[in-house]
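So you can see what is in the structure, the chains are spelled out below.
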Amino acid sequence: MAAPLQCVPYAREHSGIEIHGNAWTWWNQAKGIYRRGSVPQVGAVVAMAPSSAMPLGHVAVVQKVVDGRHILLDHANWSSPGMIEHGALAEDVSTAGDWSEVRVWYAPSRALGSRVNPVFGFIYPQGSDARTEIAAADSGDSAS
């Protein structure tokens with residue numbers, strides 16, 4: 001029996017960002033190879049930081065920017081093991097409006113999840129030309 005599809009191979013295949021390893025490692029692996037920042041852009045990968053509820057982090061591909069606080073994501077293994085979701089709503093719930101914390105659509109409840117998820121930032125695919133805000137201090141762990 002095949003293992004359920006994980007977020008990492010899904011994000012890699014659908015973004016063209018060639019990073020391997022657990023989702024929580026993507027942010028630091030991208031440094032010096034891909035542009036990183038705190039502004040969502042279609043095709044970028046949102047890199048979520050690990051937490052007690054999400055020890056390996058999570059990565060998802062931005063499908064659409066709705067407005068300054070809402071984006072739609074394509075990702076795998078969020079609402080249930082191996083489940084692929086297209087156009088899943090994510091909302092910036094950070095106090096500063098800097099996308100450092102998000103709530104994400106959770107299919108079983110048919111609503112945004114109640115959990116606040118920490119975000120490192122966005123990793124932009126090669127050749128993308130949209131304006132970005134480069135991560136502050138760019139020293140490692142956070143986009144804020």
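Q: Would you mind going over the pairing of strand S4 (residues 70-76) in detail, with residue names and values included?
A: With 6 of 7 residues buried, S4 is to be regarded as a mostly interior element. Taking the residues between adjacent antiparallel strands as the criterion, strand S3 (residues 58-67) and S4 are bridged by 2 residues. Bridge analysis of S4 against strand S5 (residues 84-92) gives 6 bridges, and the strand direction is antiparallel. Paired with Ile-71 across the strands is Ala-90, a residue of S5.

Q: Can you tell me about the side chain of Glu-85, naming the residues and giving the values?
A: Here Glu-85 shows up in strand S5. Within the structure, Glu-85 has its side chain in polar contact with the side chain of Ser-79 (distance 3.1 Å). In this view, Glu-85 contacts Leu-73, Asp-74, His-75, Trp-78, Ser-79, Trp-105 and Ala-107; residues no more than four positions away in its chain are not counted.

Q: Tell me about the pattern of salt bridges, residues and numbers included.
A: Scanning the entire structure with this criterion turns up 2 salt bridges. With a shortest N-O distance of 3.6 Å, Arg-69 and Asp-92 are connected by a salt bridge. Placement of the pair is Arg-69 in the loop between S3 and S4 and Asp-92 in strand S5, with a sequence separation of 23 residues. By relative accessible area, which is 3% here, Asp-92 ends up buried. Glu-91 serves as the salt-bridge partner of Arg-103, at 3.9 Å between the closest nitrogen and oxygen. Of the two residues, Arg-103 sits in strand S6 (residues 101-106) while Glu-91 sits in strand S5, which places them 12 residues apart along the sequence.

Q: Lay out the pairing of strand S2 (residues 45-48) in plain terms, naming residues and giving numbers.
A: Regular strands show a simple pattern: their side chains alternate between the two faces of the sheet. Where burial is concerned, the two faces of S2 agree: the one with Val-45 and Ala-47 and the one with Val-46 and Met-48 are both buried. With 4 bridges joining them, S2 and S3 adopt antiparallel strand pairing. Looking at the pairing, Val-46 lines up with Ala-60 of S3. For S2 and strand S8 (residues 117-123), the ladder comprises 4 bridges, and the chain directions are antiparallel. For Ala-47, the partnering residue across the bridge sits in S8 and is Gly-121.

Thresholds applied
Residues numbered from 1 in each chain as written. Predicted model: local features only at pLDDT ≥ 70, side-chain atom pairs only at ≥ 80, totals over all residues. Heavy atoms only, no water. Buried < 20%, exposed > 50% of the residue type's maximum accessible area, 1.4 Å probe, protein only. Helix = DSSP H or I, 4+ residues; strand = E, 2+ residues; numbered from the N terminus. Pairing = 2+ DSSP bridges. Polar contact = N/O pair within 3.5 Å; in protein donor to acceptor, adjacent residues only side chain to side chain. Contact = heavy atoms within 4.5 Å. Salt bridge = Lys/Arg side-chain N within 4 Å of Asp/Glu carboxyl O.

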